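# Structure at a glance
Okay, here's what each chain looks like letter by letter:
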Amino acid sequence: MGKISKFMIVLLAVLGFAYYWLLVNAGPQVPARRIDLGALRKAADGMKGDKPTAITFATVAMRDVPGAALAAGTGLRQITSAITAWRIETPEGGIVIDPGISEVDARSMGFEAYSPRAQQLVNVWMDRAAMILFTHAHIDHVGGFLDHPRFKSIEGKAVVSEGMMGNINALWRENARLLHAPRKFAAIEAVAPGVVLIQTPGHTPASEMIYVRLASGREYIFAGDTASLAANVEIPTPRSRLLADWLVPEDRSSVMGWLKGLKALKKEHEGLVIVPSHDAEWVMPKGPEYGITLAPELRKARTTK
Ligand SMILES: [Zn+2]
């Protein structure tokens, strides 16, 4: 064998290993982190008042990424990643979850498609809302809040945990100085009738999932970036090492534990809807099947396009 072909074999082996390590390997074997649905239901019912009635969403930005980036081992096929804002309809004006991002920030993250109209709608949601929640304090989840044009009138509605504050400060947003003091939360704590925060450190030290039980009895868990895609729970598999160890560092073992916990929960309770944070291919058409519908204000634009 010539020197060159030996070199090629070594090179291919190295590349193969790098591909496997960075984009396929799901990481350490860890036990499932148990999510206690009974406790969530109890907390959701413990707050007196009318429960939420519906869930709508607005897609603010979209881009194509290789599936393996967000779900290790799913290959290089391009999938559509979206920045999605959610609105929980309540008798008190609604609750907004992860209220979008500014165009400047979306573009700098590589999002090719951006809808100023969708973000303006989410801004109005925040104007009217009783409460604004975040699954975690990365810019694609808190940016729309921190850059809200009427920040002073809405900042008091934000539910920010102590741990999130560090991440918010790291974003260097002028408005962050005006933000009220953060709150300390128990592992499971209701914030409104039918709405419960679950502390799920991993993707960030202060990541939360949000459990929602509608008046109809339908139940949802907003998984945040613990499950950016439905595949993260279905397989289960976390983000690739390329992303989780290098580009957007996270505690991958903890994330894997939560993903296994979510998968086990879904197996036990088929009706429970686990809502992935960035899965454009899930939210349409799966979302509407599960009662999560595109905001009526954005429907027309979509159909006439
Ligand atoms: Zn995100």
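Residues numbered from 1 in each chain as written. Predicted model: local features only at pLDDT ≥ 70, side-chain atom pairs only at ≥ 80, totals over all residues. Heavy atoms only, no water.

The name given to the protein chain in an unreviewed UniProt entry is Beta-lactamase-like protein, with Novosphingobium subterraneum as the source organism. Heading Cofactor (unreviewed entry) of the UniProt record for the protein chain holds this comment: "Zn(2+)". Recorded under Sequence similarities (unreviewed entry), the UniProt text for the protein chain is reproduced unchanged: "Belongs to the metallo-beta-lactamase superfamily." (UniProt positions renumbered as here; feature names shortened; annotations may be inferred.)

With that out of the way, let us pick up the coordination of the zinc ion. In this structure, Asp-140 (OD), His-141 (NE2), Asp-225 (OD) and His-278 (NE2) serve as the protein donors to the zinc ion, at separations of 2.1 to 2.2 Å. In this structure, the zinc ion is coordinated by 4 donor atoms arranged in irregular fashion, with angles at the metal of 88 to 155°. Donor residues binding the zinc ion come from one chain and are separated in sequence as D-H-x83-D-x52-H. His-141 carries the same exposure label as Asp-140, and that label is buried. (Donors = N, O, S within 2.8 Å, 3.2 Å for Na, K, Ca; no water. Tetrahedral: all angles 85-135°; square planar, octahedral: opposite > 155°, others 65-115°. Buried < 20%, exposed > 50% of the residue type's maximum accessible area, 1.4 Å probe, protein only.)

Empty space among the atoms becomes apparent when a probe as large as a water molecule is rolled across them. Going through the model one piece at a time under the given rule, you end up with 2 cavities of 30 Å³ or more. Taken together, Ile-83, Thr-84, Trp-86, Asp-98, Asp-140, His-141, Ser-277 and His-278 make up the lining of the largest cavity. Elements with a contribution of two residues or more to the lining of the largest cavity: strand E2 (78–89) and helix H6 (139–146). The greatest single-element share of the lining of the largest cavity, amounting to 3 residues, is contributed by E2. Residues of the lining of the largest cavity, tallied by class, amount to 2 nonpolar, 4 polar and 2 charged. Quantified by volume, the second largest cavity comes out at close to 30 Å³. What lines the second largest cavity is Trp-86, Ile-97, Asp-98, Thr-135, Phe-222, Ala-223, Gly-224, Val-275, Pro-276 and Ser-277. When grouped by side-chain class, the residues that make up the lining of the second largest cavity number 6 nonpolar, 3 polar and 1 charged. (1 Å grid on protein atoms, 1.4 Å probe; cavity = no way out; pocket = protein on both sides within 12 Å on 5 of 7 lines; lining within 4 Å. Points joined across faces, edges and corners; volume = space filled by probe spheres on them. Helix = DSSP H or I, 4+ residues; strand = E, 2+ residues; numbered from the N terminus. Nonpolar A, V, L, I, M, F, W, Y, C, P; charged D, E, K, R; others polar.)

Glancing now at the sheet that holds strand E9 (residues 219–222). Judged by pairing direction, the sheet is mixed, and its 5 strands sit side by side in the order E6-E7-E8-E9-E10 without closing on themselves. Only two strands of the sheet have a single neighbouring strand rather than two, namely strand E6 (188–192) and strand E10 (273–275). Mean inter-strand twist for the sheet, computed between neighbouring axes without regard to direction, equals 25°. Running over the sheet, helix H2 (residues 37–46) touches E6, strand E7 (195–199), strand E8 (208–213) and E9 and is turned about 65° from E8. (Pairing = 2+ DSSP bridges. Axes fitted to C-alpha atoms, helices over the stretch in contact; angles between N-to-C directions. Contact = heavy atoms within 4.5 Å.)

Working definition: an aromatic ring pair is given by the centre-to-centre distance plus the angle between the planes. Under the defined criterion, the tally for this structure stands at 5 aromatic pairs. Where Phe-134 meets Phe-145, the ring centres are 5.2 Å apart and the plane angle is 55°; that geometry is what we call tilted. Taken together, the residues Phe-134 in the loop between strand E5 (131–133) and H6 and Phe-145 in helix H6 connect sequence positions 11 residues apart. On the accessibility criterion, Phe-134 (0% relative accessible area) is buried. One aromatic cluster is present, built from ring pairs that chain together Phe-57, Trp-86 and Phe-222. The positively charged end of Arg-63 is found above the aromatic ring belonging to Phe-111, 5.8 Å away from the centroid. (Phe/Tyr/Trp six-rings, centres within 6.5 Å; stacked < 30°, edge-to-face > 60°. Lys NZ or Arg CZ within 6 Å of the ring centre and 35° of its normal.)

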